[in-house]
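In case you want the letters, here they are:
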Amino acid sequence: MARSSGSALLRLGRTIEAIGAWPGLAASWLILPIIAAVLLAVLGSQLRVNEIVQWGGSVPLFGGGLTLTGLAELQWHLFGVMVLLGGAYALRADRHVRVDMVYEQLKPRTRSLIDLLGDLIFLVPFALLMAYLSLGFVGMAYQSGEQSDYGGLIDRYLIKAVMP
């Protein structure tokens, strides 16, 4: 009986872990629009075109059109989203950076204990604090209507909403 409940808990834990890492895996595909934005920005710059496309109404994040400034800002925003969401996937896949050379020499059980304690003492409190503090950051961007000062992207709260 105890063995079956242990395997059920293990399956539940793995399912929760996979669900939590999914946004990071999905965010890895953001590299393709980033590459397209860079290529389009370089092409537009070489052709000395500032306004790339203009549309009739207002589109969230882009406003009434897309300019080179907006494209440059989009590159950074997409990269930021990719890094923020990719951290969860890197953590799950155990691909995050380790500087400790001693860690590799330890037994797997000891490494697991270090990982668990590190996550509980450092990662979880930091993540909760960042999520809590960033809610106000997003709310302030939404209420103030924060947007680019140079004709770039509007609705900055959409990008900042990834932080919490």
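Refer to the structure presented above.
One structure accompanies this document, and this report is about it. Every chain begins its residue count from 1, and numbering advances along the sequence as written. Thresholds applied to this predicted model are a pLDDT of at least 70 for local features of residues and 80 or more for the giving and counting of side-chain atom pairs; totals over whole chains, interfaces and linings are not thresholded and use all residues. Just so you know, side-chain values use all the structure's heavy atoms and leave hydrogens and water out.

**A word on the packing of aromatic side chains**
Pairing of aromatic rings covers Phe, Tyr and Trp, the last through its six-membered ring, and needs centres within 6.5 Å; plane angles under 30 degrees mean stacked, over 60 mean edge-to-face, and all others mean tilted. Enumeration according to the criterion identifies two aromatic pairs in this entry. On the numbers, 6.3 Å between centres and 85 degrees between planes, the contact of W55 with F62 is edge-to-face. The buried label applies to any residue whose accessible area, calculated with a 1.4 Å probe on protein chains only, is under 20% of its type's maximum; exposed applies above 50%, and partly exposed to all values in between. When its relative accessible area of 26% is taken as the criterion, W55 is described as partly exposed. On the numbers, 4.8 Å between centres and 85 degrees between planes, the contact of Y142 with Y157 is edge-to-face. Of this pair, Y142 sits in helix α4 (residues 108-144) while Y157 is found in helix α5 (residues 157-160), placing the two residues 15 residues apart along the sequence. Classification of Y142 as exposed rests on a relative accessible area of 53%. Secondary structure elements are taken from DSSP: a helix is a run of H or I of four residues or more, a strand is a run of E of two residues or more, and numbering for both begins at the N terminus.

**Notes on a nonpolar patch on the surface**
A cluster of nonpolar side chains, namely L91, L113, L116, L117, L120, I121, F122, L123, V124 and L128, defines an oily patch on the protein surface of about 950 Å² accessible area. Ranked by residue count, the leading element in the nonpolar patch is α4, at nine residues. For L117, the location among the structural elements is in helix α4. L117 gets classed as partly exposed once you look at its relative accessible area, which sits at 42%. Residues enter patches when their relative accessible area tops 30% and they take part in no salt bridge; the joining distance is 9 Å for like charges and 5 Å for the nonpolar side chains Val, Leu, Ile, Met, Phe, Trp and Tyr. Per-residue and other accessible areas follow the Shrake-Rupley method at a 1.4 Å probe size, with only the shown protein chains counted as cover for residues. Put simply, a salt bridge is a Lys or Arg side-chain nitrogen that is within 4 Å of an Asp or Glu carboxyl oxygen.

**Describing the environment of W55**
Its place among the elements puts W55 in strand β1 (residues 51-59). Contacts are residue-level and defined by heavy atoms, with any inter-residue pair within 4.5 Å sufficient. Excluding anything up to four places from it in sequence, W55 contacts F62, G63, G64, G65 and L66. Here G63 takes part through its backbone oxygen, which lies 2.7 Å from a polar atom of the side chain of W55. Pairing of N or O atoms within 3.5 Å defines a polar contact, subject to two protein rules: one partner must be a possible hydrogen donor and the other a possible acceptor, and residues neighboring in sequence count only if both atoms are side-chain atoms.

**What about helix α2 (residues 31-46)?**
In this model, α2 (16 residues) spans 23 Å end to end at C-alpha, consistent with the 22 Å of a helix rising 1.5 Å per residue. Inspection of α2 places I34, A37, A41 and G44 among the buried residues, and these make up the whole buried set. Around the axis of α2, the buried residues are gathered within 95 degrees of arc, so they sit on the same side. Residues of α2 that are exposed and point over 90 degrees away from its buried face: L39 and Q46. Close packing links the buried residues of α2 with α3 (68-92). Directly beyond the C-terminal end of α2, a positive phi value near 55 degrees is found at R48. Multiplying one less than the number of residues by 1.5 Å gives the expected span of a helix. Here the arc refers to the directions that run from the helix axis out to each C-beta atom.

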